[in-house]
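Observations on the model geometry
Here are the chains, one letter per residue:
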Amino acid sequence: MYEKLNAAFDLADSIRYSGDVRLPFQNLSDFQTGEINSHFAQSGLRISKKLTPDIYDAFQRVFSHLQINPDAITAYVYSSPETQATCFSDNRHECIIWVTSSLIKLMSKDELTFVIGHELGHFLLGHSLEERQDTESEEYLIKSRAQEISVDRIGLVTCGSLNISIQALMKLVSGLGEDMLRFDVGSFLDQMRTQRTNSTMYSGENSTHPTLLMRCRALLWFSMSDKYYKICGNSGGENLNKIDQRITIDSEKYIDGPARERISEARENLVLWLAALASVRDGSLNKSNQKIIEGLVGSEMLKKLLNFYSEQNRTEAIDSTQNKLTEALNHYQRVAPHEATKKLPTIKRKIGVDFKQPDFLNYVSNLI
């Protein structure tokens, strides 16, 4: 079955947003898909040609566009007032899609193909198989928003229309149908091209999804790319790498930049207290140690550290440093768990080298 999906995997990966960096896949147990399938077979209605012909046709169109073997996908609709669609998979061979009845009612058949393609994009890009991250971390939110940029592209490929894609996004964000929402997509796109952007238009840094404006801008730019032109059977278009750079600048300026700054501050704070621990362990915060710390975190941080220790004896300094280090480590692991796992050993080793303490890594590991 995996071989039958290779073309779809390759297509999805060829248009993956560069900010959607792959994380290592993790091994998940095989019984989870079966359990989910059993649950929805009992609580939902399986989408089929006989029972739900229009929805079934929308799925078939998506399968055709993405070159997906229909046998790999099982889809259900279930009753809910929420407008949601979700993809679940614990392997690279099959996935389950479930869609709420409210979403089905809200979308036209063409708009539904965008939503289905979007959800299947998560499967094709292996998002559900990547290493788990703390869903409250800054790192997770940045990663999730980048993934949404990728799968919106797959939704566009499946429905074949920028207008339809943006209409679907407008409906998803607002919950409004044709009777309450005017789809003047042309004017909306013109506004995006000409208006001066500001941070108030891009709020949502605590969300797993980019804002409507950011998603629409990203889709508009992707629709002008050489990769999308090629998929549509045309030549020309702007280089996708350059478009990705533009999207990244947009994201960093208005939504991801502050989150990355908080990660950087957490990392720097950890370095400070690791260096402080090496200093007090060494006997004192002498001029030589101060120079090392200044080189690591800057003069302002050094001044704050000296002020912190100004009225402490060595025993008090060691105890307070250990407490501060524990707090700093916990905070760093909370905001950036994947980065912390990857970089922490290197950071500890560097401190050990800078302070000429070859056993520092083991010392810290045994301490906290």
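Use the structure listed above.
Residues numbered from 1 in each chain as written. Predicted model: local features only at pLDDT ≥ 70, side-chain atom pairs only at ≥ 80, totals over all residues. Heavy atoms only, no water.

Observations concerning the sheet that holds strand β3 (residues 85-88)
The mixed open sheet is built from four strands, whose spatial order is β1-β2-β4-β3. Edge strands, defined here as strands with exactly one partner in the open sheet, are β1 (45-46) and β3. Pairing of strand β2 (residues 73-78) with strand β4 (residues 95-100), which is carried by six bridges, proceeds in the parallel orientation. Paired with T74 across the bridge in β4 is I96. Packed on one face of the sheet, helix α5 (residues 109-124) meets β2, β3 and β4 and runs near 25° to β3. (Pairing = 2+ DSSP bridges. Helix = DSSP H or I, 4+ residues; strand = E, 2+ residues; numbered from the N terminus. Contact = heavy atoms within 4.5 Å. Axes fitted to C-alpha atoms, helices over the stretch in contact; angles between N-to-C directions.)

Things to note about helix α14 (residues 314-335)
The end-to-end C-alpha distance of α14, which contains 22 residues, comes to 31 Å, matching closely the 32 Å that a straight helix rising 1.5 Å per residue would cover. All of the buried residues in α14 are A317, I318, S320, T321, L325, A328, L329, Y332 and V335. On the buried face of α14, the contacting elements are α6 (138-159), α11 (240-282), α13 (299-309), α15 (337-354) and α16 (360-367). Sitting at the head of α14, N313 places a side-chain oxygen 3.1 Å from the backbone nitrogen of T315. (Expected span 1.5 Å × (residues − 1). Buried < 20%, exposed > 50% of the residue type's maximum accessible area, 1.4 Å probe, protein only. Polar contact = N/O pair within 3.5 Å; in protein donor to acceptor, adjacent residues only side chain to side chain.)

A closer look at the pairing of β3
Relative to β4, β3 runs antiparallel, the two sharing four bridges. Counterpart to C87 in the pairing with β4 is I97. Hairpin connection, β3 to β4: the antiparallel pair is bridged by six residues.

Overview of the packing of aromatic side chains
If you walk through the whole model with that rule in mind, you get six aromatic pairs. Here F308 and Y309 contribute two aromatic rings whose centre-to-centre distance is 5.3 Å and whose plane-to-plane angle is 65°, an arrangement assigned as edge-to-face. The class of F308 is partly exposed, set by a relative accessible area of 27%. Three or more aromatic residues joined by ring pairs form one cluster here, namely W273, F308 and Y309. In this structure, R246 is placed above the aromatic ring of W221, and the distance from its NZ or CZ to the ring centre is 5.3 Å. One Lys or Arg, R281, reaches over the ring of Y363 and ends 4.0 Å from the middle of that ring. (Phe/Tyr/Trp six-rings, centres within 6.5 Å; stacked < 30°, edge-to-face > 60°. Lys NZ or Arg CZ within 6 Å of the ring centre and 35° of its normal.)

Describing the pattern of salt bridges
Per the stated rule, a full pass over the model turns up 19 salt bridges. R61 is the partner of D110 in a salt bridge, and the nearest nitrogen-oxygen pair spans 2.7 Å. Taken together, the residues D110 in helix α5 and R61 in helix α3 (residues 53-66) connect sequence positions 49 residues apart. We classify D110 as partly exposed; its relative accessible area is 33%. Residue classification places R61 among the partly exposed positions, given a relative accessible area of 29%. (Salt bridge = Lys/Arg side-chain N within 4 Å of Asp/Glu carboxyl O.)

Description of helix α7 (residues 162-174)
Its 13 residues place the ends of α7 18 Å apart at the C-alpha level, agreeing with the 18 Å of an ideal helix rising 1.5 Å per residue. Within α7, burial applies to L162, I164, S165, I166, Q167, A168, L169, M170 and K171. Where α7 begins, the side chain of S161 points an oxygen toward the backbone nitrogen of N163, at a separation of 3.3 Å. Immediately beyond the C-terminal end of α7, within one or two residues, lies G175, with a positive phi of roughly 75°.

None of the figures reported here should be taken as evidence of function without further support.
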